[in-house]
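# Inside the fold
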Amino acid sequence: MSLLEVNDLNISFGGLHAVHNFNISIERGDLYGLIGPNGAGKTTVFNLLTGVYSPDEGRIILDGRDITNLKPIDKNKAGIARTFQNIRLFKDLSVKDNVKVGLHNIYPYSALSAILRTPAYHKAEKQMDERAMELLEVFDLAGEADTMSSNLPYGKQRKLEIARALATNPKLLLLDEPAAGMNPNETAELMDTIRFIRENFNITILLIEHDMKLVSGICERLTVLNFGQILAKGDTKEVLSNPEVIKAYIGED
Amino acid sequence: MKKLTKQQKSNLITLAMVVCFYLICEIFIRTGLMSSHLKGLLVPLTYYAIAAVGLNLCVGILGELSLGHAGFMCIGAFSSSIFSVMTRDALPTVPRFILAFIIGVAMTALLGFLIGIPVLRLNGDYLAIVTLAFGEIIKNILNAVYMGVDDKGLHLSLKDAASMGLDASTGKKIINGAMGITGTPSDSNFTIAIIILLVSLIIVQNLVQSRDGRAIMSIRDNRIAAESTGINVTKYKMLAFTISAAIAGAAGVLFSHNISTLTAQGIYFGYNASIMLLVYVVLGGIGNIRGSVIAAMILYVLPELLRGMDKYRMLIYSIVLIVMMLFNWSPKAIEFRQNHLSKFSKRFRKEAAR
Ligand SMILES: Nc1ncnc2c1ncn2[C@@H]1O[C@H](COP(=O)(O)OP(=O)(O)OP(=O)(O)O)[C@@H](O)[C@H]1O
Ligand SMILES: [Mg+2]
């Protein structure tokens, strides 16, 4: 059974049919790419998968469970975490605290324990600190743990968003243009990091990206969206050499 | 000793500051150096500091504007006073005040919670509008209500004292319409007020530096990201707002147990009082708990001290407002303060290391 199974997902905004009969099936451990020209509906698919929008039609099955109409918080608890195209960090929190928000549901304790500073508080906070530092280490951000997250350079903010998403211990990680705004060096580094987390975190990744070097470098399979409809899907190499896909991209530029 | 984090140090400094303030005041009082006018201001400035700390939890930490915190003070003041007046002869002072305090805080928390249920689900500045209206409604109701008790039980009326139908011999008026409540025992004093301020500070500071506090601040910084990260937005908004209201209620309990006649006047409990609390919070620094305490104390005492200089009073007050605003908010001042203070603390650390 595949990890994510999406059937005939539809959503319209007024007259705009932003996503039309979207289907996808992602196997456990896949590194899957969702590509397409600007305005194709890629981010809208992420918003549907994470409950920011609820679909007009269609079903979303994660790990055998129907999660179509769950709210964002419950989608996260069900095992989906994401990053955002326009970075959404908790800007007045430190780098470490951003990750610790991600750990919120993993090391719980009560508000009363917090106010009274009980042993439960100290124990959980210590575990959170350790786990947060481990995650920051992966993204080479450990040195900036106490920096205000809004003071990080752009590329590191993107990495921090991934770290925060990973902290929630998801089965499926959605990355919305993780390399946007990065220089080629940073992008190459990011590709290594994405491979590393897929290997070491026992996780499945679906990513949106415009950078074809990154897409062809790490994605095993692709789905191409164009005007809300699926244009092609399959192995990365095949899809990228598909004349229709090339036309859609050239037509756009 | 374990190494303290920067945050923990900052918390301790805030508490130490309040304790020092208390000790200095006590020394001045004991040695007779403090005028009775100034002495009379100590409890009010402390309860306004408490209310400002509560409001900052809502405005600065949760990021929701409330224009009704004076209304919450009003709830705390009246509910605790009603209890104290009713049990004035039946209970000794200490348990009576403790119970009155618990009742005042609990009633305020309950009302904060009830207001929060419909409003905090919405996103947008609805809270400001609803709390503004709430404060005015509470004030107006309490101005119109007559309440009394006799051997048959509680009597209420919205018309006048006579229509309550109190028994002439055993009846006792509690709320006398716009004349309010008279005869609340003056159970609060400076020491109690400072203790409650310290407790409020500990609650807010400890909450802020916990998983719940981070959740609350994550909602403030980015609601959508918080939701997608598994944060229960409604729950944490409710938690922060309820605690914030309860702390304002605690300030209200101190208020009503510090004056002989409690009336629901606009200057104490109307929207202008709420805005005055907001001024304390904004000028002390939104989200800066220690700043709220300092700002409330300075800005409450200042106009009182300037009463003698009638003509220039508001002028000086406005200048102080502007200076505080610049000090807290202008980028240059922030930069200066950071450089200055960090140099200072570095030197301090070096000295301590020797
Ligand atoms: N909330 C909304 N209300 C109205 N229209 C929307 C909304 N969200 C998205 N759209 C529209 O849906 C279409 C798809 O948008 P989407 O953001 O999913 O594109 P995208 O593929 O992510 O593009 P890009 O590569 O530029 O990020 C666009 O035309 C967009 O304007
Ligand atoms: Mg997009």
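Quick caveat, the model's predicted, so the values are computed rather than measured.

### A few points about the overall build of chain A
In terms of regular secondary structure, chain A is built from ten helices and ten strands. In terms of overall size, chain A behaves like a compact globule, its C-alpha atoms giving a radius of gyration of 19 Å where 253 residues would be expected to give roughly 18 Å. Overall, the C-alpha framework of chain A stretches about 60 × 40 × 35 Å when taken along its three principal axes. Here chain A holds 253 residues, and 55% of them are scored as buried. Taking all contacts inside chain A whose residues are at least 6 apart in sequence as the whole, residues at least 24 apart take part in 66%. Accessible surface for chain A amounts to roughly 11000 Å². Of this, 49% is attributable to carbon and sulfur atoms. Mean positive and mean negative side-chain charge positions of chain A (28 and 34 charges, respectively) differ by 5 Å.

### Quick notes on the coordination of the magnesium ion (ligand 2)
Here the magnesium ion (ligand 2) is held by Thr43 of chain A (OG1) and Gln85 of chain A (OE1), and the distances to it run 1.9 to 2.0 Å. With Thr43 of chain A in helix α1 (residues 42-49) and Gln85 of chain A in the loop between β6 (80-82) and α3 (95-102), the pair connects residues that are 42 residues apart, well separated along the chain.

### Notes on the packing of helix α3 (residues 69-86) of chain B against helix α5 (residues 126-144) of chain B
Residue and element names in this part refer to chain B. Where α3 contacts α5, the two axes come as close as 8 Å, and the packing angle between them is 35°. Two secondary-structure elements touch here, α3 through Gly71, Phe72, Cys74, Ile75 and Phe78 and α5 through Phe134, Gly135, Ile138 and Leu142. Among the residues forming the contact of α3 with α5, the class breakdown is seven nonpolar, two polar and no charged.

### Quick word on the sheet that holds strand β3 (residues 172-176) of chain B
All names here are of chain B. Spatially, three strands are ordered β2-β1-β3 in an open sheet, and the strand pairing comes out antiparallel. The two strands at the open ends of the sheet, each matched to only one other strand, are β2 (153-157) and β3. Between one strand axis and the next, the sheet turns through 20° on average, direction left out of account. α3 contacts β1 (146-150), β2 and β3 of the sheet and is inclined by roughly 165° relative to β3.

### As for the pattern of salt bridges
Under the counting rule described, the total for this entry stands at 23 salt bridges over all chains. Between Lys100 of chain A and Asp129 of chain A there is a salt bridge, with its nearest N and O atoms 2.8 Å apart. With Lys100 of chain A in helix α3 and Asp129 of chain A in helix α5 (residues 119-138), the pair connects residues that are 29 residues apart, well separated along the chain. Judged by relative accessible area, Lys100 of chain A falls into the buried class, the value being 5%. Taking relative accessible area as the criterion, Asp129 of chain A reaches 24% and is therefore assigned partly exposed. We note a salt bridge from Lys237 of chain B to Glu64 of chain B, for which the minimum N-O separation is 3.4 Å. Residue Lys237 of chain B is found in helix α9 (residues 233-256), and its partner Glu64 of chain B is found in the loop between α2 (36-61) and α3; the two are separated by 173 residues along the sequence.

### Brief notes about helix α7 (residues 211-221) of chain B
Residues and elements named next belong to chain B. Within α7, ten of the eleven residues are buried, which leaves it mostly tucked inside the rest of the structure. Those residues of α7 not exposed but buried are Arg211, Asp212, Gly213, Arg214, Ala215, Ile216, Met217, Ser218, Ile219 and Asp221. With a side-chain oxygen positioned 3.2 Å from the backbone nitrogen of Asp212, the residue opening α7 is Ser210.

### A short note on the interface of chain B and chain A
If you look at the interface, chain B gives 26 residues, while chain A gives 32 residues. Among the residues chain B hides against chain A, the three largest losses belong to Arg211, Arg214 and Thr229 of chain B. Together they make up 29% of the total. Inspection of the chain B/chain A interface yields one salt bridge. Arg214 of chain B serves as the salt-bridge partner of Glu125 of chain A, at 2.9 Å between the closest nitrogen and oxygen. Sorting the residues of the side of chain B that touches chain A by element identifies α6 (190-208), α7, α8 (223-228) and α9 of chain B as the ones contributing at least two each. Broken down by element, the residue count for the side of chain B that touches chain A peaks at eight residues, all from α7 of chain B. Across the side of chain B that touches chain A, the residue classes tally to ten nonpolar, ten polar and six charged.

### Some thoughts on the sheet that holds strand β7 (residues 172-176) of chain A
Pairing between sheet strands relies on hydrogen bonds along the backbone, with the strands arranged either parallel or antiparallel. Residue and element names in this part refer to chain A. Read from one edge to the other, the open sheet built from six strands follows the order β6-β7-β8-β3-β9-β10, with strand pairing classed as mixed. Of all the strands in the sheet, just β6 and β10 (229-235) have a single pairing partner and so form its edges. Direction aside, neighbouring strands of the sheet carry axes that sit 15° apart on average. Bridging between β7 and strand β8 (residues 204-208) involves five bridges; their strand directions are parallel. Bridging from a neighbouring strand, Leu173 pairs with Ile205 of β8.

### Side note on the confidence of the model for chain B
Model confidence for chain B is summarised by a mean pLDDT of 88, while 94% of its residues fall at 70 or above. Interface confidence for the predicted complex, given as ipTM, is 0.93, next to a pTM of 0.91.

### Some remarks on the packing of aromatic side chains
All names here are of chain B. According to the stated counting rule, one finds 15 aromatic pairs over all chains in the structure shown. Here Phe78 and Phe269 contribute two aromatic rings whose centre-to-centre distance is 6.5 Å and whose plane-to-plane angle is 65°, an arrangement assigned as edge-to-face. A residue pair is termed long-range when its members are at least 10 positions apart, and Phe78 in helix α3 and Phe269 in helix α10 (residues 266-269) qualify at 191 residues. Residue class for Phe78 comes out buried when judged on its relative accessible area of 2%. For Phe269, a relative accessible area of 1% gives the class buried. Measuring from ring centre to ring centre gives 5.0 Å for Phe255 and Phe269, while their planes differ by 55°; the resulting arrangement is tilted. Placement of the pair is Phe255 in helix α9 and Phe269 in helix α10, with a sequence separation of 14 residues. The class for Phe255 is buried, based on a relative accessible area of 2%.

Thresholds, definitions, all that
- Residues numbered from 1 in each chain as written.
- Chains lettered and ligands numbered in written order.
- Predicted model: local features only at pLDDT ≥ 70, side-chain atom pairs only at ≥ 80, totals over all residues.
- Heavy atoms only, no water.
- Helix = DSSP H or I, 4+ residues; strand = E, 2+ residues; numbered from the N terminus.
- Rg over C-alpha atoms; globule rule 2.2 N^0.38 Å.
- Buried < 20%, exposed > 50% of the residue type's maximum accessible area, 1.4 Å probe, protein only.
- Contact = heavy atoms within 4.5 Å.
- Areas by Shrake-Rupley, 256 points an atom, 1.4 Å probe, with all protein chains shown as cover.
- Lys, Arg positive; Asp, Glu negative; His and termini not counted.
- Charge placed at Lys NZ, Arg CZ, Asp CG, Glu CD.
- Donors = N, O, S within 2.8 Å, 3.2 Å for Na, K, Ca; no water.
- Axes fitted to C-alpha atoms, helices over the stretch in contact; angles between N-to-C directions.
- Nonpolar A, V, L, I, M, F, W, Y, C, P; charged D, E, K, R; others polar.
- Pairing = 2+ DSSP bridges.
- Salt bridge = Lys/Arg side-chain N within 4 Å of Asp/Glu carboxyl O.
- Polar contact = N/O pair within 3.5 Å; in protein donor to acceptor, adjacent residues only side chain to side chain.
- Buried area = accessible area lost by both parts, 1.4 Å probe.
- pLDDT = per-residue confidence, 0-100.
- Phe/Tyr/Trp six-rings, centres within 6.5 Å; stacked < 30°, edge-to-face > 60°.

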